[in-house]
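For reference, the chains in residue letters:
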Amino acid sequence: MNAYPPDFLDWPEAKRNAFFKAEADAFERQEKAKATVDGQPKTRRNGHNARAPKKPKFQLMPFNDIKFETAGEWLIKKLLPRKGVAAIYGASGAVKTFVLLDLLLHVALGWPWAGRRVVQAPTIYIAAEGAAGLHKRKIGWELAHDGLPDVVPFFLIEVA
């Protein structure tokens, strides 16, 4: 997904929706291109469609191509990496969901979190359990934060 333009949240809703649609269409075209050769579906010997060949699992990177750039290293400075894995864990009732929801909404809006710089990015919360409680927390968060934009790039997946 492309980065959001700096003034994205100031755009009218129709323009933001067009932006999301264009992103989804581009993704769909890429996926179709992976499964075709010269516009025709790839097929296996049994006649079923096949996906594009996978890249090798391990790629060799020459010494001179190994670089480290600090720009864009963090979504939340020195707390949440832009790439990689992060975990929040603790005992039941330790407010993990509350903290995570607040953190993700700050990332979605590009607002500083706990005094740390934040890079704006769309966020997805996968609620594997307790999604009903998340609905309540979202409403409470809205009530506590005036001046929210019409569109917040935060998405919820409810999975039981």
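The structure displayed is predicted, hence computed values, not measured ones. (Residues numbered from 1 in each chain as written. Predicted model: local features only at pLDDT ≥ 70, side-chain atom pairs only at ≥ 80, totals over all residues. Heavy atoms only, no water.)

Participant: Explanation requested: the overall build of the protein chain in the structure shown.
Facilitator: Helix and strand counts for the protein chain stand at 3 helices and 6 strands. From first element to last, N terminus to C terminus, the protein chain shows the α and β order α-β-β-β-β-α-β-α-β. Taking all 160 residues of the protein chain together, the buried fraction comes to 20%. For the protein chain, restricting intrachain contacts to residue pairs at least 6 apart in sequence, the fraction spanning at least 24 positions comes to 53%. Carbon together with sulfur atoms contributes 58% to the accessible area of the protein chain, which is approximately 12600 Å² in total. (Helix = DSSP H or I, 4+ residues; strand = E, 2+ residues; numbered from the N terminus. Buried < 20%, exposed > 50% of the residue type's maximum accessible area, 1.4 Å probe, protein only. Contact = heavy atoms within 4.5 Å. Areas by Shrake-Rupley, 256 points an atom, 1.4 Å probe, with all protein chains shown as cover.)

Participant: Quick question: what am I supposed to make of the pairing of strand E5 (residues 123–127) here?
Facilitator: Along any regular strand the residues' side chains alternate between the sheet's two faces. Going residue by residue along E5, you find Thr-123, Tyr-125 and Ala-127 tucked away on one face and Ile-124 and Ile-126 left uncovered on the opposite face. With 5 bridges joining them, E5 and strand E6 (residues 154–158) adopt parallel strand pairing. The residue bridging Tyr-125 from the neighbouring strand is Leu-156, located in E6. The parallel pair E5 and E6, bridged by helix H3 (residues 131–144), forms a crossover whose chirality is right-handed. (Pairing = 2+ DSSP bridges. Right-handed = clockwise from strand over helix to strand, strands pointing away.)

Participant: Mind showing me how you'd approach the packing of aromatic side chains here?
Facilitator: Working definition: an aromatic ring pair is given by the centre-to-centre distance plus the angle between the planes. Inspection of the entire model under this criterion finds 2 aromatic pairs. Ring centres 5.7 Å apart and planes at 75° place the aromatic pair Trp-11 and Phe-19 in the edge-to-face group. Here Trp-11 matches Phe-19 in class, with each residue buried. Look at Trp-111 and Trp-141: their rings are 5.9 Å apart centre to centre, the planes differ by 20°, and that puts the pair in the stacked class. Here Trp-111, found in the loop between helix H2 (96–109) and E5, pairs with Trp-141, found in helix H3; they are 30 residues apart in sequence, far enough to count as distant. A residue is classified by how much of its surface remains accessible, and Trp-111, at 25% relative accessible area, is partly exposed. In this structure Trp-141 comes out as buried when scored by relative accessible area, which is 8%. (Phe/Tyr/Trp six-rings, centres within 6.5 Å; stacked < 30°, edge-to-face > 60°.)

Participant: What should I look at first to understand a positive patch on the surface in this one?
Facilitator: Taken together, Lys-77, Lys-78, Arg-116 and Arg-117 make up a surface patch of like positive charges. Examined against the element boundaries, Arg-117 turns out to sit in the loop between H2 and E5. (Patch = residues over 30% accessible without salt bridge, like charges linked within 9 Å, V, L, I, M, F, W, Y side chains within 5 Å. Salt bridge = Lys/Arg side-chain N within 4 Å of Asp/Glu carboxyl O. Lys, Arg positive; Asp, Glu negative; His and termini not counted. Charge placed at Lys NZ, Arg CZ, Asp CG, Glu CD.)

Participant: How should a nonpolar patch on the surface be read in this particular structure?
Facilitator: Residues Ile-124, Ile-126, Phe-155, Ile-157 and Val-159 make up a contiguous nonpolar surface patch of about 460 Å² in total accessible area. For the nonpolar patch, the secondary structure elements donating two or more residues are E5 and E6. By the element assignment, Val-159 lies in the segment after E6.

Participant: Looking at this structure, I do not really get unusual backbone geometry. What am I missing?
Facilitator: Although it is not a glycine, Lys-78 adopts a positive phi angle of roughly 55°. Mapped onto the fold, Lys-78 is located in the loop between strand E3 (74–76) and strand E4 (80–81). The backbone of Val-95 sits at a positive phi, close to 60°, despite the residue not being glycine.

Participant: Just to check I follow, could you spell out the nonpolar core for this structure?
Facilitator: As a rule of thumb, soluble globular proteins bury nonpolar side chains together. Within the largest apolar cluster, 19 residues are counted, with the highest numbers of intra-cluster contacts made by Ile-76, Leu-80, Leu-103, Val-107, Tyr-125 and Phe-154. Elements supplying a minimum of two residues to this core: E3, H2, E5 and H3. Sorting elements by how many residues they give to this core places H2 first, with 7 residues. Apart from the residues lying within four places of it in its own chain, the contact partners of Tyr-125 are Thr-97, Leu-100, Leu-101, Leu-104, Leu-134, Phe-154, Phe-155, Leu-156 and Ile-157. (Core = buried A, V, L, I, M, F, W, Y, C linked by side-chain atoms within 4.5 Å.)

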